[in-house]
Amino acid sequence: MRTLSLLLFLCSCLLPRLFFPLTAAAAREVMTVRGPGLERMPEEAYLAWIRDLSFDPSSQAGITLIEPLDGATVPANAASPILSWTSDSSMALVSLKSDHLELQAVCIGTSWVPETQAWNRIRNSARGSSITISVAPVSGDDGRSVLAGTSAVLNVDDHELLAPIAYLQLPVPFRTAK
């Protein structure tokens, strides 16, 4: 009986480690998609350009994330969000990171809506957790320098929304709200 208990204990401790070895950090898959304005760039050239970007975290750039708000929560079946920001640069590297997946795109302009398929993958990987959205300006003479940016956390709820919701964002019809 003691031998059987010892054998069961060893199996319960060792087998998971054989099939799921411990690592220092969980591997994160990175998906790279094209942002607006870069659709005509050949795929190989785009991916090589992304790989060659150099990061300069000490640099300061004027960038502010407008949407989504930091700490916002979306249902588990939410549609792709509108990401928008203000920046001194006309190009930005946008990254959406969950624990297991990262979606990144270089965008020309100051807004981006992730493609449905890519958004569904990252949203589903973060269900019950959060997605960190980072936006960093790309500048430099050769367009390969990523400056320090800004980030926000978007929480993804465990529950789905069970009814369709129509949402339309319109400008306020007057200049100053009171």
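Everything numeric here is computed off the predicted structure, so don't read it as measured data.

Side note on the overall build of the protein chain
Part 1: The helix and strand tally for the protein chain stands at three helices and eleven strands.
Part 2: Secondary structure elements of the protein chain occur, N-terminal to C-terminal, as α-β-α-β-β-β-β-β-β-β-α-β-β-β.
Part 3: Considering the protein chain as a whole, with its 178 residues, one finds that 31% of them fall into the buried category.
Part 4: In the protein chain, once contacts between residues fewer than 6 apart in sequence are set aside, the share between residues at least 24 apart is 67%.
Part 5: Summed over all atoms, the accessible surface of the protein chain reaches about 11900 Å², with 58% contributed by carbon and sulfur.

A word on the sheet that holds strand β5 (residues 83-87)
Part 1: Strand order in the open sheet formed by three strands is β3-β5-β8, with antiparallel pairing between adjacent strands. On the outer flanks of this sheet lie β3 (63-67) and β8 (111-112), each paired with one strand and no other.
Part 2: Across four bridges, the pairing between β3 and β5 is antiparallel. Paired with Thr 64 across the strands is Thr 86, a residue of β5.

Observations regarding helix α2 (residues 43-51)
Part 1: What α2 keeps buried is the set Tyr 46, Trp 49 and Ile 50. Down the axis of α2, the smallest arc covering the buried residues is 100°, so these residues share one side. Away from the buried face of α2 by more than 90 degrees, exposed residues Glu 44 and Arg 51 are located.

Describing the environment of Ser 90
Part 1: Within the secondary structure, Ser 90 is located in the loop between β5 and β6 (91-97).
Part 2: Remark: the alpha-carbon pair of Ser 90 and Pro 137, spanning 47 residues in sequence, is separated by 7.8 Å.
Part 3: With near-sequence residues (within four places) excluded, Ser 90 lies in contact with Cys 107, Ile 108 and Gly 109.

Examining the pattern of salt bridges
Any two side chains of opposite charge can pair, given that their charged atoms come close.
Part 1: Summed over the entire model, instances satisfying the criterion amount to one salt bridge.
Part 2: Residue Glu 160 pairs with Arg 127 through a salt bridge whose shortest N-O separation is 3.7 Å. Of this pair, Glu 160 sits in the segment after β11 (150-156) while Arg 127 sits in the loop between α3 (116-125) and β9 (130-139); the two residues are 33 residues apart in sequence, bridging distant segments of the chain.
Part 3: By relative accessible area, Glu 160 is classed as partly exposed at 43%.
Part 4: Judged by its relative accessible area of 39%, Arg 127 is partly exposed.

A short note on the pairing of β6
Consecutive residues of a regular strand have side chains that alternate between opposite faces of the sheet.
Part 1: Burial within β6 is extensive, with six of its seven residues counted as buried.
Part 2: Of the pairings in the sheet, the one linking β6 to strand β7 (residues 101-108) comprises seven bridges and is antiparallel in character. Bridge pairing in β7 places Leu 96 opposite Leu 103.
Part 3: For β6 and β9, the ladder comprises six bridges, and the chain directions are antiparallel. Residue Leu 96 lies in a different strand from β9, and its bridge partner there is Ile 133.

Here we look at the environment of Ser 130
Part 1: For Ser 130, the location among the structural elements is in strand β9.
Part 2: Residue Ser 130 is classed as partly exposed on the basis of its relative accessible area, which comes to 23%.
Part 3: Distance in space between the C-alpha atoms of Ser 130 and Val 153 is 6.5 Å, their sequence separation being 23 residues.
Part 4: Those residues within four positions of Ser 130 in sequence are excluded, and the remaining contacts are Lys 97, Ser 98, Val 153, Leu 154, Asn 155 and Val 156.

Considering the side chain of Ser 95
Part 1: Its place among the elements puts Ser 95 in strand β6.
Part 2: Owing to a relative accessible area of 7%, Ser 95 belongs among the buried residues under this scheme.
Part 3: Here the side chain of Ser 95 touches Glu 102 through a polar contact of 2.9 Å, side chain to side chain.
Part 4: Setting aside residues up to four positions removed in sequence, Ser 95 forms contacts with Glu 102, Leu 103, Gln 104, Thr 132, Ile 133 and Ser 134.

Cut-offs and rules
- Residues numbered from 1 in each chain as written.
- Predicted model: local features only at pLDDT ≥ 70, side-chain atom pairs only at ≥ 80, totals over all residues.
- Heavy atoms only, no water.
- Helix = DSSP H or I, 4+ residues; strand = E, 2+ residues; numbered from the N terminus.
- Buried < 20%, exposed > 50% of the residue type's maximum accessible area, 1.4 Å probe, protein only.
- Contact = heavy atoms within 4.5 Å.
- Areas by Shrake-Rupley, 256 points an atom, 1.4 Å probe, with all protein chains shown as cover.
- Pairing = 2+ DSSP bridges.
- Arc of directions from axis to C-beta.
- Salt bridge = Lys/Arg side-chain N within 4 Å of Asp/Glu carboxyl O.
- Polar contact = N/O pair within 3.5 Å; in protein donor to acceptor, adjacent residues only side chain to side chain.

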